[in-house]
Amino acid sequence: MHIYNTLTRRKEPFTPLVAGKVSMYVCGMTVYDYCHLGHARVMVAFDVITRYLRYRGYDVTYVRNITDIDDKILKRAEENNESISTLTERMIQAMHEDEARLGVLPPSHEPRATGHIDDIVAMIETLIKKDFAYAAANGDVYYRVRKFADYGKLNNRQLDDMRSGARVEVDVHKEDPLDFVLWKAAKPGEAHWHSPWGNGRPGWHIECSAMSTCCLGDTFDIHGGGPDLTFPHHENEIAQSEAATGKTYVNTWMHAGAVRVNQEKMSKSLGNFFTIRDVLAEHDPEVVRFLLVASHYRSPINYSVDSLHEARKSLTRFYTALEGMEVSSSGDGDEAGYAERFTTAMDDDFNSPEALAVLFDLARDLNRAKSESPEKAQRLASELTRLAGVLGLLQQDPQTFLKGNQQQVALSETEIEAKIAQRKEAKANKDFAQADAIRDELASLGIILKDSREGTTWVIEAP
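Residues numbered from 1 in each chain as written. Predicted model: local features only at pLDDT ≥ 70, side-chain atom pairs only at ≥ 80, totals over all residues. Heavy atoms only, no water.

## Digging into empty space enclosed by the protein
Counted by the stated rule, this structure contains 3 cavities of 30 Å³ or more. Sort the elements by how many residues they give to the lining of the largest cavity and helix H1 (residues 37–55) lands first, with 5 residues. Residues belonging to the lining of the largest cavity are distributed by class as follows: 8 nonpolar, 2 polar and 1 charged. (1 Å grid on protein atoms, 1.4 Å probe; cavity = no way out; pocket = protein on both sides within 12 Å on 5 of 7 lines; lining within 4 Å. Points joined across faces, edges and corners; volume = space filled by probe spheres on them. Helix = DSSP H or I, 4+ residues; strand = E, 2+ residues; numbered from the N terminus. Nonpolar A, V, L, I, M, F, W, Y, C, P; charged D, E, K, R; others polar.)

## Observations regarding the sheet that holds strand S7 (residues 180–185)
The strands that make up a sheet pair up through hydrogen bonds in the backbone, lying either parallel or antiparallel. If you walk across this open sheet you meet the 4 strands as S5-S6-S7-S8, and the pairing is antiparallel. Where the open sheet ends on each side, the last strands, each with one partner, are strand S5 (133–135) and strand S8 (200–202). For this sheet, the mean angle separating the axes of adjacent strands, direction not counted, is 20°. Where strand S6 (residues 141–143) and S7 come together, 3 bridges link them in antiparallel fashion. If you follow Tyr-142 over to S7, its bridge partner there is Val-181. (Pairing = 2+ DSSP bridges. Axes fitted to C-alpha atoms, helices over the stretch in contact; angles between N-to-C directions.)

## Details of helix H12 (residues 352–372)
Because each turn of an α-helix spans 3.6 residues, side chains separated by three or four positions in sequence point in the same direction. For H12, spanning 21 residues, the distance from its first C-alpha to its last is 30 Å, which sits close to the expected 30 Å at 1.5 Å a residue. Those residues of H12 that fall on the buried side of the exposure criterion are Ser-352, Ala-355, Leu-356, Val-358, Leu-359, Phe-360, Leu-362, Ala-363, Asp-365, Leu-366 and Ala-369. The elements touched by buried residues of H12 are helix H9 (285–294), helix H10 (305–322), helix H11 (338–347) and helix H13 (374–390). Between the side-chain oxygen of the N-cap and the backbone nitrogen of Glu-354 there are 3.2 Å, and the N-cap of H12 in question is Asn-351. (Expected span 1.5 Å × (residues − 1). Buried < 20%, exposed > 50% of the residue type's maximum accessible area, 1.4 Å probe, protein only. Contact = heavy atoms within 4.5 Å. Polar contact = N/O pair within 3.5 Å; in protein donor to acceptor, adjacent residues only side chain to side chain.)

## Section: the packing of aromatic side chains
Within a pair of aromatic rings, the relevant descriptors are the distance that separates the centres and the angle that separates the planes. For the structure on display, the rule yields 16 aromatic pairs. Between Tyr-297 and Phe-350, the ring centres sit 6.3 Å apart and the planes meet at 70°, which makes this aromatic pair edge-to-face. With a gap of 53 residues between them, Tyr-297 in the loop between H9 and strand S13 (301–303) and Phe-350 in the loop between H11 and H12 connect regions that are remote in the sequence. The pair formed by Tyr-297 and Phe-350 is uniform in burial state, with each residue classed as buried. Across the ring face of Phe-132, the terminal group of Lys-147 is positioned such that the distance to the ring centre comes to 5.7 Å. (Phe/Tyr/Trp six-rings, centres within 6.5 Å; stacked < 30°, edge-to-face > 60°. Lys NZ or Arg CZ within 6 Å of the ring centre and 35° of its normal.)

## Topic: the packing of H9 against H10
At a minimum axis distance of 9 Å, the contact between H9 and H10 shows a crossing angle of 105°. By the angle between their directions, the pair H9 and H10 is classed as roughly perpendicular. Between H9 and H10, the contacting residues are Glu-286, Val-287, Val-288, Phe-290 and Leu-291 on the first element and Ser-307, Leu-308, Ala-311, Arg-312, Ser-314, Leu-315, Phe-318 and Tyr-319 on the second. Of the residues that constitute the contact of H9 with H10, the class distribution is 9 nonpolar, 2 polar and 2 charged. (Parallel < 35°, antiparallel > 145°, perpendicular 65-115°, else oblique.)

## Points about the environment of Ala-355
Among the structural elements, Ala-355 can be located in helix H12. Through-space distance from the C-alpha of Ala-355 to that of Arg-341 is 7.6 Å; in sequence the pair is 14 residues apart. Ignoring anything within four residues of it in the chain, the contact list for Ala-355 reads Phe-342, Ala-345 and Met-346.

## Focus on the pairing of S7
Every other side chain in a regular strand lies on the same face of the sheet, so the side chains alternate between the two faces. Sheet analysis places S7 next to S8, joined by 3 bridges and oriented antiparallel. For Ala-185, the partnering residue across the bridge sits in S8 and is Gly-200.

Encoded structure:
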């Protein structure tokens, strides 16, 4: 297996620290609002990665944190006139609902920043003792960026270039403008915790260093996150953690691609910002998941109505192939080498588009086998379901999916069946023009009729 390492900017053979086990940490959500499509991208990408590693036989410990104390959380709670805990609990519950609908499995551990204050304070104390951090007169504690010789290695940046090219916050209490905060002194009335430097709360970057180390140790296999986290968040995590422990923090850094909406960057200012809830209110969750899986995890994804329609068409092809098949849980019939080809694709930096291409070949051969060899067809259906499950796909009853887009059409199931009955009567009266007109009317609504000896069935295909 080879994985692209953001740190080295190349694919590398993956060898875990402990044979047969994988330790992975992914930066989770700051829970002040509903999760958006960018969060869905990261959730699904690392869900697929976790599923595949387990499929390959690894014992995976997957940690994804929750940031439940932050400036944005304080501001939103004040705006809503609700307590911080009420806001964060509500958003965490919503996040869990969103990920469940997308078929995202829960992480092994989900630490919260507020549950690791003692660990955060201890790490800051270590950094101060090693002269990598200092307490300022205003009660804040800062990290000495220039003290860490390798700062910038994840992003291949030089310190002086960062200072001249970035927006650096002016703070008279810092020794250097590039220094970043580890502990923030609390303002009057703000939520706070006790520390050797006074009442305050942790900075964002130190939270992940402390939580990941507590859950996985000083060094672990994989650290992941969204494309916007490489700098400064992950760069700062490396500086903090390696300065504190004197050890390599992470062996492999992985970052998911960005989400674009109609080829534009997703942002509230452009009016193209969508929460997961917005999207799932109008589209089948598996269609959204398929769209996210169909692109390589490092590639940008373009979200649009057209791309969702293409995703639904692809899933319809799969579920149509599986329709009427009895699926066995064993799924051990691999006479055409589908599992081997699937594994080869996914072993190459989790190449899900190539893995899906294998599944499309499998579905094509399944359709052929239905009439030629029913026993082979059953084996192929089981294999298709089993391999697709590694991507978190094709786990619904085919009929449930094929009729599942009904909320997007103008007719109820009763009305559709009535139209089919009218068409049947027209055909019986040899009024084929009327029968064709009914078929065309339904097709224009995305309702596709299928005639067989047993009668007429229908599926929904997005128009």
